[in-house]
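Each chain, written out:
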Amino acid sequence: MTVEQREQRWAEGMLAERRGEALAYERMLKEVATALRRSLAPRLVRAGLGAHEAEDLVQEILIGLHAKRDTWDSARPFLPWLHAIARYKLIDFTRHRRRETRRRVDLPLEDWLEIVESPADEANHPMWEVDRHLAVLPVSQRKIVRAIAVEGASVRNVALGSATSEGVIRMTIHRAIGRLLGAAEPPTSEPSPRNEHDQHR
Amino acid sequence: MTSTDDLIHSLASTAGARRSASLQAAFAVAGAASLACALFLVFSVIGIRHDFADMAVRMPFGFKLAYTGSLVIGTFVVALYVATPAASATALCALLPTIILLALGVLFDPTGFPIMGRTSTAVVFCVGSILFLSLPAMILMFRAMQKGAPTRPLVAGAVIGVLSASIGAIAYALACKNDGTAFVAIWYTAACAIMALIGAVVGHRVLRW
């Protein structure tokens, strides 16, 4: 179908709407939808959006066409009018999606502070904060970890003090570290598993 | 696919339903109401010039009226143009008389009054008054523009800003004590520019459809 035929056909569909002929208008809207779908899907894919989003955009354009159909002057050609609407909706749609993406991958200040709060600073942390982290350990492990990692005692001395072998002390520390690492796992974006995690503590 | 077909069916089922008024009528009503609001504010808040009867027959008042009047008509036509997708760009010619008057007023000021006005606060008072008087117009014209289909919300907002400023200015002409045509051309236009900026920011947010 040439551009002139299409122009005539769709303009006739718009005029049919003004006469209240729902069937002719519906047929014309379906043709518009088909044409838009065919041309928009590859464009959106090239712009990095999914092909299924083309259908959302087609619906947006159809709603816009219908809502603003009174602004089409029947003395003027229909296709340039539809082009202006489709273009506006395309720009609006991609801008909206971009904003959504930005919000999803946003880096709030709190997250940023967690990132820049580097482990090198840990020596300066007040004692109570170390204790807070160690609180996830059972009492026996906590005592040994604090003696060696915080107070700086040797494995041998700790083994002597608690009347066990150095091997047992090393094993205890190894298990304690595993536990601490588990507790220090980075929080995931979904809130629900994190809450479960908190409950396990 | 089926959801789109459903959508098309429900859209088509309202075919032929007559909407309230045409875009031109909506703009005309909003424009008249805006002018009425601005005139009411001039009479009630600012007060017209005490020598109004004497001033009204002289050239400076004529220039104010011609300049702001041509701007109201010009931006009104342009506002209808930006509210209509793929409208004819010849509508932009409606701004030509304003531009000619603006150039004449600045370049050939026959009155010889100072550009900064009669008093040191003249500019601030004048621009501030026009901004104040244009606020009701801005609200009303934005409502009318929402009935249209502006495909460039930023531009549409700026045009609404200038239109409402010119409606405010035509009302303020009744109160303005500065008769220099250069003063009028420069500072009335500055008020329009400020309103254009505000309108663009507002339009970007408000005029999505």
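Some thoughts on the overall build of chain B
No. 1: Of regular secondary structure, chain B possesses 8 helices and 0 strands.
No. 2: Shown N-terminal to C-terminal, the secondary structure of chain B runs as helices and strands in the order α-α-α-α-α-α-α-α.
No. 3: The principal-axis extents of the C-alpha atoms in chain B amount to approximately 70 × 35 × 25 Å.
No. 4: Pairs at least 24 residues apart make up 87% of the contacts formed inside chain B by residues separated by at least 6 positions.

Considerations on the overall build of chain A
No. 1: Helix and strand content of chain A: 10 helices and 0 strands.
No. 2: The order of α-helices and β-strands along chain A, N terminus first, is α-α-α-α-α-α-α-α-α-α.
No. 3: Nonlocal contacts in chain A, meaning residues at least 24 apart in sequence, comprise 48% of its contacts between residues at least 6 apart.

Overview of the interface of chain B and chain A
No. 1: The partner chain A presents 29 residues to the 19 residues of chain B that form the contact.
No. 2: When residues of the side of chain B that touches chain A are assigned to their parent elements, the largest contribution, 6 residues, is made by helix α1 (residues 2–12) of chain B.
No. 3: Within the side of chain B that touches chain A, the residues separate by chemical class into 10 nonpolar, 7 polar and 2 charged.

A closer look at helix α7 (residues 139–150) of chain A
No. 1: The end-to-end C-alpha distance of α7 of chain A, which contains 12 residues, comes to 15 Å, matching closely the 16 Å that a straight helix rising 1.5 Å per residue would cover.
No. 2: Phi turns positive one or two residues past the end of α7 of chain A, at G152 of chain A, with a value near 85°.

Let's talk about the packing of helix α1 (residues 3–18) of chain A against helix α2 (residues 22–46) of chain A
All names here are of chain A.
No. 1: It is the contact of α1 with α2, at a shortest axis distance of 8 Å, that shows an interaxial angle of 140°. Judged by the angle between their axes, α1 and α2 are oblique. Crossing handedness for the pair α1 and α2: left-handed. Residue-level contacts link W10, G13, A16 and E17 of α1 to A24, Y25, R27, M28 and V32 of α2.
No. 2: Its residues assigned to classes, the contact of α1 with α2 shows 6 nonpolar, 1 polar and 2 charged.

With respect to unusual backbone geometry
In terms of backbone geometry, most residues other than glycine have negative phi values and most peptide bonds are trans.
All names here are of chain B.
No. 1: The backbone of A86 shows a phi angle near 55°, a positive value even though the residue is not glycine.
No. 2: Relative to the helices and strands, A86 is located in the loop between α4 (59–83) and α5 (96–107).
No. 3: Among the residues examined, A86 registers 21 C-beta atoms within 10 Å and is labelled buried.

What to know about the domain arrangement of chain A
No. 1: One can read the domain layout of chain A as domain 1 (3–103) and domain 2 (123–185 + 195–200).
No. 2: Taking the mean C-alpha position of each, domain 1 of chain A and domain 2 of chain A sit 65 Å from one another.

Focus: the packing of helix α6 (residues 122–147) of chain B against helix α8 (residues 181–206) of chain B
All names here are of chain B.
No. 1: Viewed as axis vectors pointing N to C, α6 and α8 meet at an angle of 35°, and their least axial separation amounts to 9 Å. At the point where α6 passes α8, the crossing takes the right-handed sense. Each of V123, C126, V127, I130, L131, S134, M138 and F142 in α6 lies in contact with α8, whose residues at this interface are W187, Y188, A190, A191, I194, M195, G199, V202 and V206.
No. 2: Here the residues of the contact of α6 with α8 are counted per class, giving 15 nonpolar, 2 polar and no charged.

Reading guide: rules and limits
Throughout, a residue's number is its position along its own chain's written sequence, starting from 1. Chain A is the first chain written and ligand 1 is the first ligand written, with later ones labelled in order. Per-residue local features of the predicted model are confined to residues with pLDDT of at least 70, and side-chain atom pairs are confined, for both listing and counting, to 80 or more; whole-chain, interface and lining totals are unaffected and use all residues. Labels follow the DSSP assignment, with helices taken as runs of H or I lasting at least four residues and strands as runs of E lasting at least two, numbered in each case from the N terminus. With C-beta atoms placed from the backbone, a contact is any residue pair whose C-beta atoms sit within 7 Å. Three categories are distinguished: nonpolar for Ala, Val, Leu, Ile, Met, Phe, Trp, Tyr, Cys and Pro, charged for Asp, Glu, Lys and Arg, and polar for the others, with Gly belonging to the last. One fewer than the residue count of a helix, multiplied by 1.5 Å, yields its expected span. Note on definitions: angles span 0 to 180 degrees between N-to-C directions of axes, and those axes are lines fitted to C-alpha atoms, for helices only across the stretch in contact. Each angle receives one of four descriptions, namely roughly parallel if under 35 degrees, roughly antiparallel if over 145, roughly perpendicular if within 65 to 115, and oblique otherwise. Crossing handedness is defined as follows: a turn of the near helix away from the far one that is anticlockwise and smaller than a right angle gives a left-handed crossing, while the clockwise case is right-handed. The exposure label follows from counting other C-beta atoms within 10 Å of a residue's C-beta, where the C-beta atoms are placed from the backbone and the thresholds are 20 or more for buried and 12 or fewer for exposed, leaving partly exposed in between. How far each domain reaches was decided by an automatic or database domain assignment.

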